[in-house]
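# Coordinate inspection notes
For reference, the chains in residue letters:
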Amino acid sequence: MAGKGPYGGGRVAPVGGSGRIGASGRMGGSRRGVGPPRKLSIREKMAASYRSLSKSSRFMSRTASMVEPTPQQAKVIKFIDQKAVSVTMAVFTVYALFGDDIRLAAFRPSADDWFYGLSCVALLLFAVEMVLNSYAKHDYLWRFYFWLDLLAVLSLIPDIAWIWDPLTGNTGSDGGSGTAIRAGRASRAGTKAGRVVRVVRLVRLVRIVKLYKHVKRQKGEDVDEDPINADQPSQVGKRLSDLTTRRLIILVLAMLVSLPFLDIAWWVWDEQAAPIVGLDALHAQAVNGQADLDAGVVSYANNAGALLFLSLFNVSQDTSSEWLKDLTIPAKEWTAAHMRTKVEINDDFRANEITQANSFGCDFDSRGLLDQTDEACESIAIFDNTSNSGQEALLNVFKTLFVMLTLAVGSLLFTRDAENLVIQPIERMVFLVKQLATNPLATVKHKRHRSGVGYETALLETTLAKIGALLQIGFGEAGSTIIQQNMSSTGALNPLVKGRKIEGIFGFCDIRQFTDATECLQEEVMLFVNEIGDIVHWACHQYRGAANKNIGDAFLIVWMLPEEGADGVRRGASSRGGSSDAYSVDDKTPAGDGDGEYLEDGKEEPAPYDDVLDELVEVTEEVTVEQVSDCSLYSFLKVMVELHKSNVRGSLRRYQDHSAIRNRFPEGYSVRLGFGLHKGWAIEGAIGSRFKIDASYLSPNVNMSARLEAATKQFRTPLLLSESLVESLSPAAKGFLRCIDRVTVKGSIEPIRLYTYDVINYDAALGEPYESHTPIDFLASADFANDAGLRDLHAGLHADFFKTFNRGADAYFAGAWGEAKAGLEEAMALKPEDGPSTTLMEVMGRDGFVAPVDWPGYRALTEK
């Protein structure tokens with residue numbers, strides 16, 4: 001090491017051997033400077049938010065578009081919806097609901113055929129309507145309302161006796177007690193089916209909805225066809241209403257259809273009805289005094305049930321018992337020993353465990369039927385109903401459980417629909433607001449919801465997420481406090497909040513010959529600037545920087561430095577200076593947090609949106625000031641390389657062929673930038689008024705980075721670094737730099753050293769190659785000790801150049817300008833047109849290469 005510099009063990013490249021090409025331990029290895037992929041920092045996530053949300057909104061707009069009907073289908077729909085057809089269908093819908101009941105209640109059998117005819121017409125019209133809807137409406141066939149309409153059509157069949165009676169065998173018969181019982185059994189199958197079908201008839205009520213829509217259209221209030229009506233129900237409202245209607249229909253039908261099966265009368269109708277039917281026949285025989293009464297009693301006991309007691313008019317109980325003493329019914333495990341007296345029955349059975357049948361009448365009327373108003377003649381039969389009462393109790397238990405289950409399922413379904421369509425989206429939006437209030441730079445990624453497409457809640461979610469992302473992009477890190485305070489406050493908007501002091505690295509870069517380019521490109525200049533800005537921002541964000549200001553032809557980039565810990569060492573999370581609060585939105589709720597869900601661009605099916613609460617992913621990778629400083633230098637080197645590649649074969653290449661550009665620059669044009677880097681403190685906050693604010697940084701140190709960039713023109717080099725920044729770089733990074741001057745700037749009397757990084761080979765590979773609009777899916781680190789690309793930047797530079805230049809520069813600082821002149825001339829021979837050498841030669845030449853008597857070893861920087 002030659003000489004002692006400000007860094008202790010050796011100075012950074014001014015004179016000594018350190019920091020020169022080929023220095024041992026500095027340039028070895030073959031690794032690139034990107035380092036292993038890591039989680040995104042906040043700055044990368046801010047950029048990713050915009051892309052993710054854009055994809056999500058495009059997905060929504062594509063999927064939400066309705067399937068347009070063909071011209072033929074449109075004609076069919078128009079025919080179905082016209083007034084005459086709607087009124088006709090409405091009339092027959094009302095008839096289908098009440099016609100059969102009106103027939104039975106108000107008309108004699110002679111009018112039945114007229115009603116059957118009307119029912120056939122209704123059946124035909126409903127069937128034709130189903131066919132037309134299936135053809136014309138893409139969302140009808142095989143869907144929910146298709147099956148409901150099909151049930152409604154089929155439920156008309158029982159109203160048409162011409163069809164129904166032959167199917168059910170509904171005919172009557174006369175005869176004795178056994179014949180009457182068997183006749184009742186024969187018609188039972190049709191009667192049970194009729195009950196179920198009459199319940200299904202209630203499905204026709206769904207058709208009333210069509211009548212309601214028709215009336216609304218006639219009043220000019222058709223909410224489905226007026227997209228700009230202020231009273232138009234929202235898509236989510238219509239969807240929720242539709243789902244509620246569906247659920248309600250299903251639950252009501254399920255209860256109406258299922259409850260009859262849980263009624264004892266459904267299963268034991270014969271045992272309940274047979275005693276009455278058969279006893280009437282026996283009583284008529286007893287009153288008539290027929291000789292075969294004994295056979296009738298045996299038949300009655302054999303068919304009616306488990307007989308306990310029988311008392312016939314004009315027949316003693318002993319006689320009837322004698323007729324039954326030899327009767328055995330194995331299927332019912334009944335014998336004559338089961339017969340009881342009334343007293344025994346009262347002692348051995350509960351009231352609900354017996355069935356008693358009574359038949360009255362002493363005289364026959366003109367039609368041969370008993371006059372049952374005369375109770376003087378009576379026959380009594382009592383049956384054992386113990387098994388039926390137990391079965392009824394068990395069915396009541398099942399009925400209670402079924403009603404409870406139905407209510408629970410209904411509540412769950414209704415609640416789930418409201419949760420998915422309304423509550424969860426609101427909770428996700430509230431969660432987003434809370435997260436932006438907690439961490440204004442949290443990543444906003446929007447999941448594509450197939451179930452929520454086209455709904456206003458999904459639109460609000462996407463819009464709110466976009467607003468959050470736009471706030472992050474617009475305000476940047478400097479505006480995080482503004483976002484946080486206003487998102488967490490319920491009061492009025494107050495963008496002018498108090499600033500805070502931070503430590504950071506400020507990078508200023510300026511587009512060369514921008515005025516000429518603007519005059520040439522006119523309207524295209526916006527695209528021109530943005531293409532350059534995308535390269536600058538992409539490279540800097542990738543290496544922990546954050547874009548702050550876009551000032552026409554200039555860009556201000558900030559690298560926030562970690563806060564100083566208790567041990568005096570500055571370290572912090574990579575996500576943001578001094579903070580480890582970096583959040584990305586995933587698919588589950590954070591532990592212990594019930595505030596709602598968040599979204600990530602991932603699987604398409606919602607989680608019950610399946611829909612989606614988010615988990616906060618914390619980025620806790622610690623970085624030091626040295627690492628951040630290395631990243632700032634590496635970022636600008638990468639910008640220089642990527643700009644060159646874009647000029648040669650990228651998106652900026654086309655501007656060289658622009659006619660106005662070629663006329664203005666006949667010798668050729670390429671995009672070039674100047675760069676200045678400085679480290680220091682600044683006040684972060686809002687600048688402006690209640691009419692317009694900018695979130696930025698105020699400090700002489702910010703101005704210093706701009707002055708350094710401006711000075712690059714004087715030193716004819718694209719990059720200048722201040723001494724304060726160089727002091728925080730890693731030893732490996734310092735080894736690539738050379739000190740080119742020592743100056744004071746306007747407003748300061750403290751001299752600082754200026755450094756530059758010589759880039760000779762712009763085709764070197766630094767980190768991941770730039771591609772327009774590519775997402776930043778990793779966080780890179782700068783590795784000056786092992787990155788071969790950094791060594792390649794110096795390719796073509798003579799090995800003795802640094803040593804020679806440093807000798808001349810040291811003589812310049814020491815006031816030996818004659819010696820300095822010789823050294824710099826030798827350096828310029830090794831690197832012709834070296835900008836810093838030329839500048840120093842001009843400075844000394846103005847005084848005849850003789851240092852002033854009071855030369856302090858530095859000069860005042862003439863460029864602002």
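Residues numbered from 1 in each chain as written. Predicted model: local features only at pLDDT ≥ 70, side-chain atom pairs only at ≥ 80, totals over all residues. Heavy atoms only, no water.

### Some details on the overall build of the chain
Regarding its fold elements, the chain presents 28 helices and 16 strands. The buried share of the chain, reckoned over its 864 residues, is 47%. In the structure as shown, the chain presents an accessible area of about 41,300 Å², 56% of it carried by carbon and sulfur atoms. (Helix = DSSP H or I, 4+ residues; strand = E, 2+ residues; numbered from the N terminus. Buried < 20%, exposed > 50% of the residue type's maximum accessible area, 1.4 Å probe, protein only. Areas by Shrake-Rupley, 256 points an atom, 1.4 Å probe, with all protein chains shown as cover.)

### Some details on a nonpolar patch on the surface
A surface patch of nonpolar side chains, amounting to about 480 Å² of accessible area, comprises Leu394, Val397, Phe398, Leu401 and Met404. Tracing the sequence through the fold places leucine 401 in helix 15 (residues 386–438). Judged by its relative accessible area of 47%, leucine 401 falls in the partly exposed class. (Patch = residues over 30% accessible without salt bridge, like charges linked within 9 Å, V, L, I, M, F, W, Y side chains within 5 Å. Salt bridge = Lys/Arg side-chain N within 4 Å of Asp/Glu carboxyl O.)

### What about the pairing of strand 1 (residues 307–311)?
A regular strand places its side chains on the two faces of the sheet in alternate fashion. Counting buried positions over the 5 residues of strand 1 gives 4, a clear majority of the element. The pairing of strand 1 with strand 5 (residues 378–384) spans 4 bridges and is antiparallel. Counterpart to serine 311 in the pairing with strand 5 is isoleucine 380. (Pairing = 2+ DSSP bridges.)

### Brief notes about the pattern of salt bridges
This structure, assessed with the given rule, holds 21 salt bridges. Salt-bridge contacts for arginine 664 lead to aspartate 516; the nearest nitrogen and oxygen are separated by 2.9 Å. Looking at arginine 664, the relative accessible area reads 35%, which means it is partly exposed. One salt bridge connects lysine 831 with aspartate 758, and the closest N-O pair in it is separated by 2.7 Å. Here the residue lysine 831 occupies a position in the loop between helix 27 (817–830) and helix 28 (835–845), and aspartate 758 occupies one in the loop between strand 15 (752–757) and helix 25 (788–793), the gap between them amounting to 73 residues. Side by side, lysine 831 and aspartate 758 carry an identical accessibility label, which is buried. A network of salt bridges, in which partner residues are shared, links Arg738, Asp758, Lys831 and Asp834.

### Structural notes on the state of the cysteines
What makes a disulfide is a covalent bond joining the sulfur atoms belonging to two cysteines. Scanning the model with the defined rule gives 1 disulfide in all. Between the sulfur atoms of cysteine 362 and its disulfide partner cysteine 377 the distance amounts to 1.7 Å. Sign of the S-S torsion, about 115° for the bond between cysteine 362 and cysteine 377, identifies this disulfide as right-handed. On the criterion of sequence distance, the pair formed by cysteine 362 in the loop between strand 4 (354–360) and strand 5 and cysteine 377 in the loop between strand 4 and strand 5 is long-range, its members being 15 residues apart. Here cysteine 540 stays free of any disulfide, with the sulfur of cysteine 509 as its closest cysteine sulfur at 6.5 Å. The exposure class of cysteine 540 is buried, given its relative accessible area of 0%. (Disulfide = S-S within 2.5 Å.)

### Structural notes on the packing of helix 5 (residues 144–154) against helix 9 (residues 235–258)
One way to put it is that helix 5 packs onto helix 9 with a least axis distance of 12 Å and a crossing angle of 40°. In terms of orientation, helix 5 lies oblique with respect to helix 9. Between helix 5 and helix 9 lies a crossing whose hand is left-handed. Mapping the contact onto sequence places Phe144, Tyr145 and Leu148 in helix 5 and Asp242, Thr245, Arg246, Ile249, Ile250 and Leu253 in helix 9. Taken together, the residues of the contact of helix 5 with helix 9 break down into 6 nonpolar, 1 polar and 2 charged. (Axes fitted to C-alpha atoms, helices over the stretch in contact; angles between N-to-C directions. Parallel < 35°, antiparallel > 145°, perpendicular 65-115°, else oblique. Left-handed = near helix turned anticlockwise from the far one by under 90°. Contact = heavy atoms within 4.5 Å. Nonpolar A, V, L, I, M, F, W, Y, C, P; charged D, E, K, R; others polar.)

### Things to note about unusual backbone geometry
Of note in this structure, tryptophan 142 is not a glycine but carries a positive phi near 65°. Despite not being glycine, arginine 544 has its phi angle at roughly 75°, a positive value. Judged by relative accessible area, arginine 544 falls into the buried class, the value being 3%.

### As for the sheet that holds strand 5
The 3 strands lie next to each other as 1-5-4, forming an open sheet whose pairing is antiparallel. Every other strand in the sheet has two partners, leaving strand 1 and strand 4 as the edge strands with one partner each. Going across the sheet, the axis of each strand differs from the next one's by a mean of 10°, ignoring polarity.

### Quick look at the environment of threonine 335
Considering the arrangement of structural elements, one finds threonine 335 in strand 3 (residues 334–335). Threonine 335 sits in the partly exposed class, given a relative accessible area of 30%. In this structure the C-alpha to C-alpha distance between threonine 335 and alanine 306, which are 29 residues apart in sequence, comes to 8.9 Å.

### Side note on the environment of glutamate 375
Considering the arrangement of structural elements, one finds glutamate 375 in the loop between strand 4 and strand 5. In this structure glutamate 375 comes out as exposed when scored by relative accessible area, which is 58%. Along the primary structure glutamate 375 and cysteine 362 are separated by 13 residues, whereas in three dimensions their C-alpha atoms are 7.9 Å apart.

### A few points about the nonpolar core
Of all hydrophobic cores here, the largest spans 92 residues; its most connected members are Phe528, Ile532, Leu637, Leu721, Tyr757 and Phe784. For this core, the leading source of residues is helix 20 (residues 625–649), giving 11 residues. Sequence-distant contacts of isoleucine 532, defined by excluding residues within four places in its chain, comprise Ile511, Phe555, Leu643, Leu652, Val671 and Leu673. Core analysis: the next-biggest nonpolar cluster, separate from the first, contains 20 residues, Leu282, Val297, Leu327 and Phe383 among them. (Core = buried A, V, L, I, M, F, W, Y, C linked by side-chain atoms within 4.5 Å.)

### Observations regarding helix 3 (residues 83–106)
Of all bends in helix 3, the biggest is about 50°, found at phenylalanine 98. Along helix 3, the residues classified as buried are Val85, Ser86, Met89, Ala90, Phe92, Thr93, Tyr95, Ala96, Leu97, Gly99, Asp100 and Arg103. (Bend = angle between axes of the 7 residues up to and from the residue.)

### Observations concerning the confidence of the model for the chain
Residues with a pLDDT of 70 or more make up 70% of the chain, whose mean pLDDT is 75. pLDDT under 50 marks residues 1–65. Its contacts with residues more than four places away, or in other chains, come to 182 contacts. (pLDDT = per-residue confidence, 0-100.)

### A closer look at the pairing of strand 13 (residues 719–722)
A two-sided burial pattern is seen for strand 13, the buried positions comprising Leu719 and Leu721 on one face and Leu720 and Ser722 on the other. Of the pairings in the sheet, the one linking strand 11 (residues 673–688) to strand 13 comprises 3 bridges and is parallel in character. By the bridge assignment, leucine 677 is partnered in strand 13 with leucine 721. Pairing of strand 13 with strand 15 involves 2 bridges; the strand directions are antiparallel. Among the inter-strand pairings, serine 722 is bridged to a residue of strand 15, identified as leucine 754.

### Structural notes on helix 12 (residues 293–304)
Between its terminal C-alpha atoms helix 12 stretches 16 Å, which fits the 16 Å expected from 12 residues at 1.5 Å a residue. Among all positions of helix 12, only Leu293, Gly296, Val297, Tyr300, Ala301, Asn303 and Ala304 are buried. One or two residues past the end of helix 12 sits glycine 305, with phi positive at roughly 150°. (Expected span 1.5 Å × (residues − 1).)

### Considerations on the packing of aromatic side chains
A ring pair, where both rings are aromatic, is described by two values, the distance of the centres and the angle of the planes. Tallied over the entire structure, the rule returns 23 aromatic pairs. Ring centres of tryptophan 142 and phenylalanine 146 lie 5.1 Å apart, and the angle between their planes is 70°; this geometry places the pair in the edge-to-face category. The exposed category is assigned to tryptophan 142, whose relative accessible area is 56%. Residue classification places phenylalanine 146 among the buried positions, given a relative accessible area of 8%. Members of the aromatic cluster, joined through ring pairs, are Tyr543, Tyr634, Phe736, Tyr757 and Phe784. The cationic tip of arginine 753 hangs over the ring face of phenylalanine 813; the distance from NZ or CZ to the ring centre is 5.3 Å. (Phe/Tyr/Trp six-rings, centres within 6.5 Å; stacked < 30°, edge-to-face > 60°. Lys NZ or Arg CZ within 6 Å of the ring centre and 35° of its normal.)

### Some remarks on the environment of threonine 328
Relative to the helices and strands, threonine 328 is located in strand 2 (residues 328–329). Linking threonine 328 and alanine 301, residues 27 residues apart in sequence, is a C-alpha distance of 9.8 Å. Those residues in contact with threonine 328 that lie beyond four places of it in its chain are Trp334 and Thr335.

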